[in-house]
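Single-letter residue listing:
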Amino acid sequence: MKTQPEVTIREERPEDIPAIHALQLAAFGQPDEAVLVDALRAGGGVILSLVAVAGDEVVGHVLFSPIEIVSDGGGALRGATGLAPMGVLPAWQGRGVGGALVREGLERLRALGRRGVVLVGHPGYYPRFGFQPASRLGLRWEHEVPDAAFMAIELREGGLGGGPGVVRFRPEFDAVN
């Protein structure tokens, strides 16, 4: 029986960029997420970009970028973060790689003093990490999305403003939607 190499999580390096692009293409079966990662990187929109590496192969990737929360009163909350995209090579899916990337990312963001994380994702997957519907925190996205798919987690108590507001991701997100 062949054993699988150990997976380690580390920050993205310049030499990982082509592998990350190919991974996002393979994980999603279309180019939007790969194009988004490239655009965020080129536009200075990366807070944290982590890769999961097995041997010398990049098998998973997650990217975190700054978001803005505009309160219903007009003020803006900064220090919040968006998680997107997160992809794992198809051959490595279902082995805990994505979960390891999310957990490590959340811990590193806490250490960086980030306030919270917002995402649009599968409601059956992200709650295991503490994500809940963002509407419970009074947040809504500026685009139409099912309530259960628009999720948030506070990295510190009251970190996402504690009141009604609209989440705005970086403009690179609108370019691929």
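Note: the structure precedes this text.
Just so we're clear, the structure is a prediction, and the values are computed from it rather than from any experiment.

Student: Looking at this structure, I do not really get the environment of P66. What am I missing?
Tutor: Along the polypeptide, P66 turns up in strand β3 (residues 57-71). On the basis of relative accessible area, P66 is assigned to the partly exposed category, the value being 27%. On a C-alpha basis, the gap between P66 and G45 in space is 6.6 Å, while along the polypeptide they are 21 residues apart.

Student: Just to check I follow, could you spell out helix α2 (residues 32-42) for this structure?
Tutor: In an α-helix there are 3.6 residues to a turn, and that puts residues three or four apart on one side. Along α2, the residues that are buried comprise E33, A34, L36, V37 and L40. Within α2, the buried residues cover an arc of 160° as seen down the axis, which keeps them to one side. Against the buried residues of α2 lie α1 (17-28), β3, β4 (76-88) and α4 (171-176). Backbone geometry just downstream of α2 places G44 in the positive-phi region, at approximately 70°.

Student: Would you mind showing me how to read the packing of α1 against α2 here?
Tutor: The angle between the axes and the distance between the axes are what describe a pair of packed helices. Orientation of α1 relative to α2, taken along the N-to-C sense of each, is 145°, at an axis distance of 7 Å. Packed against α1, whose contacting residues are I17, I20, H21, Q24, L25 and F28, the element α2 presents E33, A34, V35, V37, D38 and R41 at the interface. Class assignment of the residues belonging to the contact of α1 with α2 gives a composition of seven nonpolar, two polar and three charged.

Student: What exactly am I supposed to notice about the side chain of E172 here?
Tutor: Tracing the backbone shows E172 in helix α4. At 2.9 Å, the side chain of E172 forms a polar contact with the side chain of R170. Ignoring sequence-local partners within four residues, the contact set of E172 consists of L36, A39, L40 and G43.

Student: Honestly, helix α3 (residues 97-111) in this entry has me stumped. Any pointers?
Tutor: Under the 1.5 Å per step criterion, the end-to-end length of α3 is 21 Å for 15 residues, consistent within 8% with the ideal 21 Å. Taken together, the buried positions of α3 are occupied by V97, G98, G99, L101, V102, G105, L106 and L109. Tucked inside the fold, the buried residues of α3 contact β1 (7-11), β2 (48-54), β3, β4, β5 (116-120) and β8 (150-154). Within two residues after α3, G113 carries a phi angle of roughly 85°, on the positive side.

Student: I tried to follow the environment of E15 on my own but got confused; where do I start?
Tutor: Take E15: it is sitting in the loop between β1 and α1. According to the relative accessible area criterion, E15 is exposed, its value standing at 58%.

Student: So what exactly am I meant to see when it comes to the nonpolar core here?
Tutor: Most often, soluble globular proteins keep nonpolar side chains buried together rather than apart. If you look at the biggest cluster of nonpolar residues, it comprises 51 residues, and the most contacted ones within it are L83, V117, V118, Y126, F131 and L139. Looking at this core element by element, the count peaks at seven residues for β3. Beyond its immediate chain neighbours, meaning those up to four positions away, Y126 contacts L83, M86, V102, L119, G121, F131 and M151.

Student: Help me understand the packing of aromatic side chains, please; the structure alone is not making it clear to me.
Tutor: Pairs of aromatic rings are described using the distance from one ring centre to the other and the angle between the two planes. Taken as a whole and judged by the stated rule, the model has seven aromatic pairs. An angle of 65° between the planes, with centres 5.4 Å apart, marks the rings of Y125 and F129 as edge-to-face. A relative accessible area of 22% means that Y125 is categorised as partly exposed. The class of F129 is buried, set by a relative accessible area of 12%. Centroid distance W141 to F150: 6.1 Å. Interplanar angle 15°. Geometry classified as stacked. Side by side, W141 and F150 carry an identical accessibility label, which is buried. Across the ring face of W92, the terminal group of R95 is positioned such that the distance to the ring centre comes to 4.7 Å.

Conventions and cut-offs
- Once a new chain begins, its residue numbering starts again from 1 and follows that chain's sequence as written.
- Local features in this predicted model are restricted to residues of pLDDT 70 or higher, and side-chain atom pairs are both shown and tallied only at a pLDDT of 80 or more, whereas totals for entire chains, interfaces and linings draw on every residue.
- Where side-chain values are given, they derive from all heavy atoms of the structure, hydrogens and water being excluded.
- Note on conventions: DSSP H or I runs of at least 4 residues are helices, E runs of at least 2 residues are strands, and numbering of each starts at the N terminus.
- Each residue's exposure class comes from its accessible area (1.4 Å probe, protein chains only) as a fraction of the maximum for that residue type: buried when under 20%, exposed when over 50%, partly exposed otherwise.
- Along the arc lie the directions from the helix axis toward the C-beta atoms.
- Between two residues, a contact is recorded if the distance between any of their heavy atoms is within 4.5 Å.
- Where helices are involved, their axes are fitted lines through C-alpha atoms of the stretch in contact, as for all axes, and angles between N-to-C directions lie from 0 to 180°.
- Residues are grouped as follows: nonpolar covers Ala, Val, Leu, Ile, Met, Phe, Trp, Tyr, Cys and Pro; charged covers Asp, Glu, Lys and Arg; every other residue, Gly included, is treated as polar.
- Within 3.5 Å is the distance limit for a polar contact, defined as a pair of N or O atoms, with the added protein rule that one can donate a hydrogen and the other accept it, and that residues adjacent in sequence qualify only through two side-chain atoms.
- The length a helix should cover is 1.5 Å for every residue beyond the first.
- Nine residue types can take part in a nonpolar core, namely buried Ala, Val, Leu, Ile, Met, Phe, Trp, Tyr and Cys, and a core is a set of them joined through side-chain atoms within 4.5 Å.
- For Phe, Tyr and Trp, rings pair up if their centres lie within 6.5 Å, where Trp contributes its six-membered ring, and each pair is then called stacked (planes under 30 degrees apart), edge-to-face (over 60) or tilted (otherwise).
- Working rule: Lys NZ or Arg CZ, within 6 Å of ring centre, within 35 degrees of ring normal, means a charge sits over the ring.

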